[in-house]
Amino acid sequence: MFQRFIHPILQSHCYGWLSAVIATFFCLITINCGGDAPKQPAVKDDSAATIKAHTAPVTAVMFTPDGKQIVSAGRDGRVVVWDVATKTAVVELLPKGDQIRSATISLDGKVVAVGNEKGIVSIFDLGNRRLVRQINAGNDAILALAIDSKESWLLTGSKDKQVKLWDLVTGNSSKQFEGSFDRINTIAFSSDDKLVLAGSSGTGIRIWRLKDAKPQDSRFQYNGEIYSLALNIKQGLIVAGGTTGNVSGLHDGRVKIWQESDGKELLNFAPHRLVTSSVAASPQGDILATSSTTDAIVRLWNRETGNSVGTLTGHSKGVNSVCFSPDGNLLASGGEDGTVKIWNVPRH
């Protein structure tokens, strides 16, 4: 998902003088050109449990509403339901296929939808553990999905800049929302289901009115690219995470929190150095979890002050997705290392 952002950085740092330094001093770095490279220290693991879930990066993790199961999706094309207590697979909803780039679950946990690299959305009946239908939603990767609270509508956001509305029951296309100038990384319904919110690049969250697809002025300003949106309906909050830059070309993984009702900015801080790839607000609204594809640490923050309340180490690579359990006592994360980790959330 973040390849476009990371690639220019790699270009500017890994070619030219740095590559020459690496070539010149390779033997010094490895101590012995004919021997093995020094062993990397083992990563300290704070997690309560680790599930070796996928053979490729995990793109999404979601708790079911009862907190007893976790649904994971990965770039290996699999969608798997895991038992939280036993850490074992309950069922493979999708045993193989094209890379899964996005996933969502309905509020009652009955429906799971996943979007793949080729524009296909698969919709599953979680209770009966079966595929209900597939929708050809576009010609490019589906990067974002959302289901409304009444489970009537499905939103898709894609790499080809399209935002579309689908009838969740029939799979028929209903509306297309115009006016996006870049790929859609994340998407959501407003808490009253009257608005469509999308995270892309630009100056803020893009907003459309659901009933007529008319663009609305955004109350939520974000000068950069948004990769993750989270809504806390009980607290009336909208959280966005992504990457922002300045005129000097420096980037940070900025997170902003707004009051949904009037767009008042409540918090603005940068929990990660380059990009924040995933954000989640606890059900109680007191803790914010963030992760990044550029570091392997899941970070916990006081939602009101932005002060750190915990760092969770254990992943060996970047982390694509974080999600709180319904009671807020557990956090699940999905990493580039193919694992799903379950963490106890500290309470202070």
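Trainee: Got a minute to help me understand the overall build of the chain in this structure?
Mentor: When helices and strands are tallied, the chain shows two helices and 29 strands. Put simply, the chain has 348 residues, and 53% of those count as buried. For the chain, long-range pairs separated by at least 24 residues make up 42% of all intrachain contacts whose partners lie at least 6 apart in sequence. In the form shown here, the chain has an accessible surface area of approximately 16100 Å², with 51% of it arising from carbon and sulfur atoms.

Trainee: Looking at this model, I keep getting lost on the sheet that holds strand β29 (residues 339–344). Mind explaining?
Mentor: As summarised here, the arrangement of the four strands in space is β1-β29-β28-β27, forming an open sheet in which the pairing is antiparallel. Every interior strand has two partners, whereas the edge strands, β1 (49–52) and β27 (319–324), have only one. The sheet shows a mean angle of 20 degrees between the axes of neighbouring strands, taken without regard to direction. Relative to β29, strand β28 (residues 330–335) runs antiparallel, the two being bridged by five bridges. Residue pairing across strands places Leu-330 opposite Asn-344, the latter belonging to β29.

Trainee: Looking at this structure, how should I read the nonpolar core?
Mentor: Inside soluble globular proteins, nonpolar side chains tend to come together where they are buried. Val-79, Leu-93, Val-112 and Val-114 are the most contacted members of the largest nonpolar core, which totals 16 residues. Mapped by element, the contributors of at least two residues to this core are β2 (58–63), β3 (69–74), β4 (79–83), β5 (89–94), β6 (100–105) and β7 (111–116). Residues in contact with Val-79, not counting those within four places in the same chain, are Val-71, Ser-72, Ala-73, Val-91, Glu-92, Leu-93, Leu-94, Ile-100 and Val-114. Among the nonpolar cores identified, the runner-up in size contains 15 residues, and Val-58, Val-80, Val-84 and Ala-332 belong to it.

Trainee: What's the story with the pattern of salt bridges in this structure? I'm lost.
Mentor: It is possible for side chains bearing opposite charge to pair when their charged atoms get close. Per the counting criterion, the structure on display carries ten salt bridges. Its salt-bridge partner being Arg-78, residue Glu-92 comes within 2.5 Å of it at the nearest N-O pair. Within this pair, whereas Glu-92 is found in strand β5, its partner Arg-78 is found in the loop between β3 and β4, the two being separated by 14 residues in sequence. Here Arg-78 falls in the buried class, since its relative accessible area comes to 18%. Put simply, Lys-118 and Asp-98 hold a salt bridge, and the shortest N to O gap is 3.5 Å. Of the two residues, Lys-118 is situated in the loop between β7 and β8 (120–125) and Asp-98 in the loop between β5 and β6; the sequence distance between them amounts to 20 residues. Residue Lys-118 is classed as exposed on the basis of its relative accessible area of 54%. Note on Asp-98: relative accessible area 33%, which makes it partly exposed.

Trainee: Is there a simple way to explain the packing of aromatic side chains in this structure?
Mentor: Where two aromatic rings form a pair, the distance of their centres and the angle of their planes describe that pair. Going through the model one piece at a time under the given rule, you end up with three aromatic pairs. Centroid distance Phe-177 to Trp-208: 5.8 Å. Interplanar angle 55 degrees. Geometry classified as tilted. Of this pair, Phe-177 sits in strand β13 (residues 173–177) while Trp-208 sits in strand β17 (residues 206–209), placing them 31 residues apart in sequence. The pair Phe-177 / Trp-208 is uniform in exposure class, with both members buried. Geometrically, the ring pair formed by Phe-269 and Trp-301 is edge-to-face, given 5.2 Å between the ring centres and 70 degrees between the ring planes. Of this pair, Phe-269 sits in strand β22 (residues 265–272) while Trp-301 is found in strand β25 (residues 295–302), placing the two residues 32 residues apart along the sequence. Under the relative-accessibility criterion, Phe-269 is labelled buried at 11%.

Trainee: Explain unusual backbone geometry here, please?
Mentor: Glycine aside, a negative phi is what most residues show, and trans is what most peptide bonds show. Even without being glycine, Asp-193 reaches a positive phi, approximately 65 degrees. Its location among the elements puts Asp-193 in the loop between β14 (186–189) and β15 (195–199). Even without glycine at this site, Ala-213 takes up a positive phi of about 60 degrees. As for its placement among the helices and strands, Ala-213 is situated in the loop between β17 and β18 (215–216).

Trainee: Help me understand the side chain of Lys-164 in this model?
Mentor: One can find Lys-164 in strand β12 (residues 163–167). An unpaired buried charge is present at Lys-164: no salt bridge exists, and Asp-160, the closest side chain of opposite charge, is 5.9 Å distant. Among the polar contacts made by the side chain of Lys-164, one reaches the main-chain carbonyl oxygen of Ala-137 at a distance of 3.2 Å. Dropping the residues within four chain positions of it, Lys-164 is found in contact with Ala-137, Gly-138, Leu-154, Leu-155, Thr-156, Lys-175, Gln-176 and Phe-177.

Quick notes on the rules
- Residues numbered from 1 in each chain as written.
- Predicted model: local features only at pLDDT ≥ 70, side-chain atom pairs only at ≥ 80, totals over all residues.
- Heavy atoms only, no water.
- Helix = DSSP H or I, 4+ residues; strand = E, 2+ residues; numbered from the N terminus.
- Buried < 20%, exposed > 50% of the residue type's maximum accessible area, 1.4 Å probe, protein only.
- Contact = heavy atoms within 4.5 Å.
- Areas by Shrake-Rupley, 256 points an atom, 1.4 Å probe, with all protein chains shown as cover.
- Pairing = 2+ DSSP bridges.
- Axes fitted to C-alpha atoms, helices over the stretch in contact; angles between N-to-C directions.
- Core = buried A, V, L, I, M, F, W, Y, C linked by side-chain atoms within 4.5 Å.
- Salt bridge = Lys/Arg side-chain N within 4 Å of Asp/Glu carboxyl O.
- Phe/Tyr/Trp six-rings, centres within 6.5 Å; stacked < 30°, edge-to-face > 60°.
- Lys, Arg positive; Asp, Glu negative; His and termini not counted.
- Polar contact = N/O pair within 3.5 Å; in protein donor to acceptor, adjacent residues only side chain to side chain.

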